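Listed below are the residues making up each chain.
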Amino acid sequence: MADRRKFIARSLLGSVGIALGNISRAAHRQAGILAAPPPMVVSTWNNVPANKTAWKVIKKGGRALDAVEQGVRRVEADPEDMSVGYGGRPDRDGKVTLDACIMDEEGNCGSVCFLQHIMHPISVARLVMEKTPHVMLAGDGALQFALENGFRQTNLLTADAEKSWEEWKVKSQYQPVINIENHDTIGMLGIGQDGRIAGACTTSGAAFKMHGRVGDSPIIGAGLFVDDEIGAAVATGLGEAVIKTAGSFLVVELMRQGMPPQAACEEAIRRIIRKQKGYREFQVGFLALNREGMVGAYAIHPGFSYVLTRDGAHEMVQAGSSF
Ligand code: SD4
């Protein structure tokens, strides 16, 4: 019955689409023409525990925003994950500096970049969104804001991360290599039981980067973009390449033009390959979902994966790639 209703809704949408012209998808939804998407969580790379945490929130009927925040917090606190939060690899000066952003179903967003000493940059980003008139706070200002709001200062440099920095210093070469920097930045997208979409992204950035370097992950439209009427996208890999193409925004805009998430991710990767000469030397991956609950992912090189959670089941999926 539900399927039949969905089918009728889709056919109706097809036949009246032209007549409705510019009327937004939100208006379509209100009019009952668009079916609500199924609740789900997707996240970049292979962090099943993060999805499990997020799914618990969604299962209870919680907001997608809470789900993605809770999900990525788990990775931020994990010393074994050397690309995110506590335990992240430092910059070339031995400092762990963090980037994160979050975006809700209304298009509100918050972000922190070049933040040090705070275990959960994603929650600081959320507070920037909810408590300030700004979108982004950086460096010492972000730290000051975090401390004023009750976050504790923590030493984020673990012995393992320090060891990898000591090893790197022997040659001190900054050469980003495909997947080798163990880029497992977490970008997570969620759809709640109410059908609303939110996303989060958090990272310690490229290992041994220049002090002060900020990547794509805290930049709305680059590392993350959510438009609840269309869908959402996150990026991972070499931030500079993602920023140059406004990657996540591009993927969402391609979906707005009618592409399914998979085609949109592929086109965004093709755009990078076409425009950026060094593509053989770096990795970029996009992960996206749309309002119909379709998921897509694609990368320049093999190795990119994501975790898909639906109906409480967690599935690791290997993304396709151009090479
Ligand atoms: C950055 N995009 O700072 C991040 C790194 C990343 O998986 O995604 N790692 O460039």
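Going by the structure above, here's the rest.
Given the structure is predicted, the values throughout are model-derived calculations rather than measurements.

**Q** Explain the side chain of Ser 111 here, please?
**A** Its place among the elements puts Ser 111 in strand β3 (residues 109-115). Assessed through its relative accessible area of 0%, Ser 111 is described here as buried. Each residue touching Ser 111, except ones within four places of it in the same chain, is listed here: Ala 100, Cys 101, Ala 125, Val 128, Val 135, Met 136, Leu 137 and Pro 218.

**Q** For this particular structure, what's the right way to read the packing of aromatic side chains?
**A** For any pair of aromatic rings, geometry is given as the distance between the ring centres together with the angle between the planes. One pass over the structure, following the stated rule, counts four aromatic pairs. On the numbers, 5.2 Å between centres and 75 degrees between planes, the contact of Trp 45 with Phe 304 is edge-to-face. Taken as a pair, Trp 45 in the loop between β1 (40-44) and α3 (48-59) and Phe 304 in the loop between β10 (295-299) and β11 (305-310) lie far apart in primary sequence, 259 residues in all. Aromatic side chains Trp 168 and Phe 208 sit 5.0 Å apart centroid to centroid with 15 degrees between the ring planes, which places their arrangement in the stacked category. Here the residue Trp 168 occupies a position in helix α7 (residues 159-171), and Phe 208 occupies one in the loop between β6 (197-203) and β7 (224-227), the gap between them amounting to 40 residues. Residue Phe 208 is classed as buried on the basis of its relative accessible area of 10%. We note Lys 169 situated over the ring of Trp 165; from NZ or CZ to the ring centre the distance is 3.8 Å.

Quick notes on the rules
Residues numbered from 1 in each chain as written. Predicted model: local features only at pLDDT ≥ 70, side-chain atom pairs only at ≥ 80, totals over all residues. Heavy atoms only, no water. Helix = DSSP H or I, 4+ residues; strand = E, 2+ residues; numbered from the N terminus. Buried < 20%, exposed > 50% of the residue type's maximum accessible area, 1.4 Å probe, protein only. Contact = heavy atoms within 4.5 Å. Phe/Tyr/Trp six-rings, centres within 6.5 Å; stacked < 30°, edge-to-face > 60°. Lys NZ or Arg CZ within 6 Å of the ring centre and 35° of its normal.

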